[in-house]
Amino acid sequence: MAGLIAGRLAGLLLTLFLVSVAVFAAMEVLPGDTASARLGTQATPEALASLRAELGLDRPAPERYLRWIGGVLTGDLGTSFTYGVPVAKLVADRLAVTLPLAGLALALAILVALPLGTLAAARADRAPDAAAALFAQGALALPNFWIGLLLILVFATTLRWMPSGGFPGWEAGIGAGLQALVMPAVALALPQAGVLTRVTRSAVLDMANEDFVRLARAKGLSRRRAILRHALPNALPPILTVLGFQFTFLVAGAVLVENVFNLPGLGSLARQALVQRDVVVIQDVVLIFAALTILVNFAVDLSYLLLDPRLRARR
Amino acid sequence: MQNPLTRLARLGRATAAALALLGVGTGATLAQPRSDIVVGMAIEPAGLDPTVAAPVAIGQVVWQNVFEGLTRIDGEGRIQPQLAKSWTVSPDGLVYTFDLAENVTFSNGVPFDAGTAKFSLDRMRATDSTNPQKQFLANVVSTEARDPKTLVVTLSKPAANLLFWLAWPASVMVEPGSAATNRTQPVGTGPFKLGEWRQGDRLTLVRNETYWNAADAPKLDGATFRFIADPQAQAAALQSGDVDAFPEFGAPELYAGLETDDRFETVVGVTELKVVAGLNNRIKPLDDPRVRQALMMAVDRASLVEGAYSGYGTPIGSHYTPNDPGFRDLTAVHAYDPEKARALLAEAGYPDGFALSIKTPQMAYATRSAEILQAMLAEIGVTLTIVPTEFPAAWVDQVLTRHDFEMTIVAHAEPLDIAIYGRDNYYFGYDDAQFKAAIASAETSLDEEKRLEAYGTAQEILARDVPALFLFVMPKLGVWDARIEGLWHDEPIPANDLTSVSWRE
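Looking up chain B in an unreviewed UniProt entry gives the name ABC transporter substrate-binding protein, with the organism given as Antarcticirhabdus aurantiaca.

In the nomenclature of an unreviewed UniProt entry, chain A corresponds to ABC transporter permease from the organism Antarcticirhabdus aurantiaca.

A.B. asks: What should I look at first to understand the domain arrangement of chain B in this one?
C.D. replies: Size of an interface, as often reported, equals the accessible area lost when the parts are brought together. Residue and element names in this part refer to chain B. With domains assigned, chain B is organised as domain 1 (76–181) and domain 2 (274–473). A C-alpha centroid distance of 34 Å is found between domain 1 and domain 2. Tallying the contact residues gives 13 residues for domain 1 and 11 residues for domain 2. Here domain 1 is connected to domain 2 by 0 salt bridges. At the junction of domain 1 with domain 2, the criterion picks out 3 residue pairs in polar contact (both at pLDDT 80 or more). Its residues assigned to classes, the side of domain 1 that touches domain 2 comprises 7 nonpolar, 4 polar and 2 charged.

A.B. asks: Looking at this structure, I do not really get the interface of chain A and chain B. What am I missing?
C.D. replies: Counting from both sides, the interface comprises 50 residues of chain A and, opposite them, 57 residues of chain B. Around 4100 Å² of area is buried between chain A and chain B when both sides are counted, 54% of it from carbon and sulfur atoms. Contact with chain B buries area across many residues of chain A, yet A:Arg38, A:Thr41 and A:Gln42 alone supply 17% of it, more than any other trio. The salt bridge partner of A:Arg277 is B:Glu390, with a shortest N-O separation of 2.6 Å. At the junction of chain A and chain B, the tally comes to 17 residue pairs in polar contact (both at pLDDT 80 or more).

A.B. asks: For this particular structure, what's the right way to read the environment of A:Leu188?
C.D. replies: All names here are of chain A. Residue placement: leucine 188 occurs in helix α8 (residues 174–208). Residues leucine 188 and asparagine 144 lie 44 residues apart in sequence; the distance between their C-alpha atoms is 5.7 Å. Those residues within four positions of leucine 188 in sequence are excluded, and the remaining contacts are Leu101, Ala105, Asn144, Leu250, Ala254 and Val257.

A.B. asks: Help me understand the confidence of the model for chain B in this model?
C.D. replies: The predicted structure's coordinates, where accompanied by low pLDDT, should not be read in detail. All names here are of chain B. Of all residues in chain B, 94% attain a pLDDT of 70 or more, and the chain-wide mean is 92. Ignoring residues within four places in sequence, the model shows residues 14–29, a span with pLDDT below 50, making 3 contacts including any to other chains. Predicted as a complex, the structure gets a pTM of 0.86 and an ipTM equal to 0.82.

A.B. asks: Could you clarify how one ought to interpret the packing of aromatic side chains in this entry?
C.D. replies: Between two aromatic rings, the relevant description is the distance of the centres plus the angle of the planes. All names here are of chain B. Under the defined criterion, the tally for this structure stands at 29 aromatic pairs over all chains. Judged by centre distance (5.2 Å) and plane angle (55°), the ring pair of tyrosine 426 and tyrosine 427 falls under tilted. For the pair tyrosine 426 and tyrosine 427, one class covers both residues: buried. Three or more aromatic residues joined by ring pairs form one cluster here, namely Phe391, Trp395, Phe405, Tyr421, Tyr426, Tyr427, Phe428, Tyr430, Phe435 and Phe470. The lysine or arginine in question, arginine 423, covers the ring of tyrosine 426, its NZ or CZ lying 5.0 Å from the ring centre.

A.B. asks: Would you mind going over unusual backbone geometry with me for this structure?
C.D. replies: What is expected of a backbone is that most residues other than glycine have negative phi and most peptide bonds are trans. Residue and element names in this part refer to chain B. Following lysine 284, the chain continues to proline 285 via a peptide bond in cis, the omega torsion being -5°. Phenylalanine 391 connects to proline 392 through a cis peptide bond whose omega is 0°. By secondary structure assignment, the location of proline 392 is in the loop between β15 (383–388) and α11 (393–401). Unlike most non-glycine residues, asparagine 103 shows phi in positive territory, near 55°. Residue placement: asparagine 103 occurs in the loop between β5 (95–100) and α3 (114–125). Notably, valine 466 is not glycine yet its phi reads approximately 50°, a positive angle. As for its placement among the helices and strands, valine 466 is situated in the loop between α13 (448–465) and β18 (468–481).

What counts and how
- Residues numbered from 1 in each chain as written.
- Chains lettered and ligands numbered in written order.
- Predicted model: local features only at pLDDT ≥ 70, side-chain atom pairs only at ≥ 80, totals over all residues.
- Heavy atoms only, no water.
- Domains from an automatic or database assignment.
- Contact = heavy atoms within 4.5 Å.
- Salt bridge = Lys/Arg side-chain N within 4 Å of Asp/Glu carboxyl O.
- Polar contact = N/O pair within 3.5 Å; in protein donor to acceptor, adjacent residues only side chain to side chain.
- Nonpolar A, V, L, I, M, F, W, Y, C, P; charged D, E, K, R; others polar.
- Buried area = accessible area lost by both parts, 1.4 Å probe.
- Helix = DSSP H or I, 4+ residues; strand = E, 2+ residues; numbered from the N terminus.
- pLDDT = per-residue confidence, 0-100.
- Phe/Tyr/Trp six-rings, centres within 6.5 Å; stacked < 30°, edge-to-face > 60°.
- Buried < 20%, exposed > 50% of the residue type's maximum accessible area, 1.4 Å probe, protein only.
- Lys NZ or Arg CZ within 6 Å of the ring centre and 35° of its normal.

Below is the structure:
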């Protein structure tokens, strides 16, 4: 167990190092910099030069990389060129939106997909299965930003039950915060629930055809009990793997939905930082995405150990 | 689809009204007019100091609200006194003596006097200044605080636009103690001060209780700016009442729907945003004026405005808007005439046309215009290839700085900026002695008639030579709650001056 964690930690650090080099290099190659973004059509060579000197952009690339990564290693994420505030504060503010949103969406997806997928497997090739398949196909086919627009049209502009977008901040109260996140979470969750329903169905169905489930049935267990007691628990590892992917997708890939609902999440920060060439922010955000992805996958691996005693024994 | 929903909505509202009658809702607020406003903007400002960065979004939040200048520009585009109550100009036009307002303090308590005014101007014109409009003060030889309420500015040659330029967001008054941190903690002499800036979402202003100008005190207690990029989200925010006003609504195609809605007042105003398709006059075949003229004649501006901006917007024939001083309508100089354009191309040696690329920023007006230009130029045999170019960073690097382009398209936001065609090595690569002389005369002429005449000449030279395809002036698609008054209808300078905004009973 300890060996596994140490190995993963080393892998994490190596990956983060490679990611840091890659993102730094990518920003170097990209045309334009924050000085040109700030001066726009009024940029003159002299103004560009003095602004670059002021921001330290005229220093050689290795020096700038070391200054950035040295700061990150000592816990200093640097200062945003655009906003002039510490990146750590910017990112913390955005994570306070993005993580609850992703968590809420994932919870919704699980709440819908797990029962529905299991039901579909239990009643394979009958009406509930067909209904679940229809739901999954439909949910998958609808782009999440479009679902978002539809939700806004119905619940915000027509019925006026919900805010049309924006985020009041958690200090406005948990209720107000959650209210702002409900519609975006539904929009994000639906396609994910579609995927998860399909995965759950086939994973449970695979297990239902295994010998141990047949044995359970032969011993006189009802099909329903056999599935809930024996097939479903054993179907969890593949479902968890997909969940891990989905969580990282929800954190990193929510940009479109954040845009529709005008949520100040990590995705919109990354987008704006890119437009403004706020390189320190982009580099930090990419590093955080990478770290988050690795950590989530690690958590998924650990959960296999919890779910499957055989893996623990082998170590 | 619409019907049952509307019915449901009516039911919901009826229920809400019933609840309000029972005292459940927040019925109390209905009686009094509101004292705050939520203003929507498409683009969030990058920093809040208009003296160090060019994006117009900065001025649209802080100019007149947080920061003030020696002079200001009002909603009709006139120059008005502000921190300078009055001024005298020496007969030779070289010495400006400003009489400054007294008992003025910055929102941090620091008093404003001639010393602070001198500091602000000197900071703007310093060698290492990154002020985007530094050139405004290029003629200034010295600034002097003669006494606490008298500022004297001496010029090397007359500057006819000085009072206009001093009114710009880039020329606002700042004080030494807070100048360096204005980007995040703006401190000005204005009627509001910064409440909170929640980056990526909203910014609040609160009334400055120590505001000096009782005659011009704001009616609102505070204001919130919300930044909503997506046009659909903008419309939704208006319709759900989350945002009270979008002074510059983002999507012309959604605007018609708001125009018919009684809850909103919609005002199509004029701006200073000139959409021009810049040509690289340095390279073949665009160095031949006949070729540029032929391209201009291939463009049907009215159809372009129709396609790119749903018909809102005013065609222009030069780099000048109808609200600029001494405007001349020059759209007829190279009016739409594909026949003549083809003949002119043949005369210039391109009977079969040629290929051209256009570096096109991602903004909707630019991409749509480029697509329409592509179709129009195809009519005279010119094959236009659209090259997406991210604005501002990549565009500034490739087009503006390295001149690595053939054709491009962008809106120039600065008011009265026709002089950019006389700038050495600006991106058009246009260099014309006559034009430079006309601009010099306009900018230094003390006689108003001569000045307007010179601007007329400058417009005509550009219309004739076509250093860029002059297309149209963007409209200001204003939309706000019908109970709001006092928002600017036009935009003589990019701004959201909230000083006189209020709610009707």
